[in-house]
Every structure is written in C-alpha cells, then in structure tokens.
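So the chains spell out like this:
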Amino acid sequence: MTRPGTVATTAEHHTKPLKRGEPDAIAQSNLRQWRDQIHDRDHEFTLYDESAILNDDLITMLTTAGPLSEDQVSLLLKNKWTFWDQYHVELARHVVGLHITFTPLPKKSGRK
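Attention now goes to the overall build of the protein. Scanning the protein from N- to C-terminus turns up 4 helices and 2 strands. When the elements of the protein are put in sequence order from the N terminus, they spell out β-α-α-α-α-β. For the protein, the residues scored as buried account for 29% of the 112 residues in total. Across the protein, contacts joining residues at least 24 apart in sequence account for 68% of those joining residues at least 6 apart. For the protein, the exposed surface amounts to about 8,300 Å²; the carbon and sulfur share of it is 52%.

See the structure below:
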C-alpha cells in the first residue's frame, strides 16, 4: 500500500549508475562494424552516413562500463538514440554478446 503523496519506488529508480572506465577499442570497432552493416542493409540509399545509425558518443558510452546486460543497454540508450524503436533489440543482443573489457580510468595524480 502506498501512502498518499508518496511515489511507489521501482527497481529502475534504484539502479546504480554504471562506473565508467577507458573505452574498449575492440568492442568499439565491433560496434562500428555493426552500424556499417545496418547502414548497408537498411539505409543504403539514404543521404546520411553510418554514424547517423549509432554515433561515436553512443559507442563510447556502451564500451566504457564493461560487460552489459540488455536492461543496462536499454537504460543507457532508450531516450538518447534516434533508432531505438527500430534496432534496440538487435543492438542489445549484439552488445551482450561482446566481451567488453572494463579498464578503470587512470587515477589523477594529486599535486600539492
């Protein structure tokens, strides 16, 4: 039972933010190949290039947190990716199948 004036909480509201590290260059290359294939398959005669399908900023976002689940891919992209409705299932499955390595960011040297 929810008290008046309060909002029921869900797991989505309590999702821990993903820790960011260095991008995985191999996974980035793999995602660029994926977007190239999608462009060639479904957008061959359009005026935009492959980066319109999945831009480099989104690729970086997907490759800096280590291995991702389909739910994590959804949380990262759902409101940020133009082609979400068309390709989210295909991309999420692709990302889950990648072996994304998490490499922590270098520690900042403390200067005094």
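In a regular helix each residue adds 1.5 Å, so 18 residues correspond to 26 Å; helix α1 (residues 25-42) covers 26 Å between its end C-alpha atoms and thus fits that length. All of the buried residues in α1 are Ala27, Gln28, Leu31, Trp34, Arg35, Ile38 and His39. Buried residues of α1, seen end-on, are gathered within an arc of 135 degrees and therefore sit on one face of the element. In this structure, α1 carries Ala25, Ile26 and Gln37 as exposed residues pointing more than 90 degrees from its buried face.

On to the confidence of the model for the protein, then. Confidence along the protein averages 89 in pLDDT terms, with 84% of residues attaining 70 or more. Predicted confidence is poor over residues 7-13, with pLDDT under 50, and the contacts of this stretch with residues over four places away or in other chains come to 3 contacts.

Inspection of every chain in the model, using the stated rule, returns 4 aromatic pairs. Their ring planes at 50 degrees and their centres at 6.4 Å tell us that Trp34 and Trp81 sit as a pair that is tilted. Of this pair, Trp34 sits in helix α1 while Trp81 sits in the loop between α3 (70-77) and α4 (84-97); the two residues are 47 residues apart in sequence, bridging distant segments of the chain. The class of Trp34 is buried, set by a relative accessible area of 4%. Their ring planes at 90 degrees and their centres at 6.3 Å tell us that Trp34 and Tyr87 sit as a pair that is edge-to-face.

A few words on the side chain of Thr63. Along the chain, Thr63 turns up in the loop between α2 (56-62) and α3. Setting aside chain neighbours within four positions, we find Thr63 in contact with Glu22, Pro23, Asp24, Ala27, Gln28, Leu31 and Ile100.

Let us look at the pattern of salt bridges. In this structure the tally under the stated criterion is 4 salt bridges. One salt bridge in this structure joins Arg32 and Asp56, with 3.3 Å as the shortest N-O distance. Highlighted residues: Arg32 in helix α1 and Asp56 in helix α2, separated in sequence by 24 residues. With a relative accessible area of 28%, Arg32 lands in the partly exposed category. Notably, a salt bridge pairs Arg41 with Asp42, separated by 2.9 Å at the nearest N-O pair. Of the residues examined, Arg41 reaches a relative accessible area of 49% and is grouped as partly exposed. Residues joined by salt bridges that share partners form a network here, namely Arg32, Arg35 and Asp56.

Thresholds, definitions, all that
- Residue numbers restart at each chain and count upward from 1, following the sequence in its written direction.
- At least 70 in pLDDT is required for a residue's local features to be given in this predicted model, at least 80 for side-chain atom pairs to be given and counted, and no such filter applies to totals for whole chains, interfaces and linings, which use all residues.
- For side-chain calculations, the full set of non-hydrogen atoms in the structure is used, while hydrogens and water are omitted.
- A helix here means a DSSP run of H or I that spans at least four residues, while a strand means a run of E at least two residues long, and both kinds are numbered starting from the N terminus.
- Burial classes: relative accessible area under 20% of the type maximum marks a residue as buried, over 50% as exposed, and values in between as partly exposed (1.4 Å probe, protein chains only).
- Working rule for contacts: check all heavy atoms of both residues, and any pair within 4.5 Å makes them a contact.
- Method for areas: the Shrake-Rupley scheme with a 1.4 Å probe, in which residue coverage is limited to the protein chains shown.
- Multiplying 1.5 Å by the residue count of a helix minus one yields the expected span of that helix.
- Comment: arc refers to directions from the helix axis out to C-beta atoms.
- Scored between 0 and 100, pLDDT is the confidence that the predictor attaches to each residue.
- Think of it this way: a Phe, Tyr or Trp ring, Trp meaning its six-membered ring, pairs with another when their centres are within 6.5 Å, and the plane angle makes it stacked under 30 degrees, edge-to-face over 60, tilted otherwise.
- Basic side-chain nitrogens of Lys or Arg form a salt bridge, by our definition, when they fall within 4 Å of a carboxyl oxygen of Asp or Glu.

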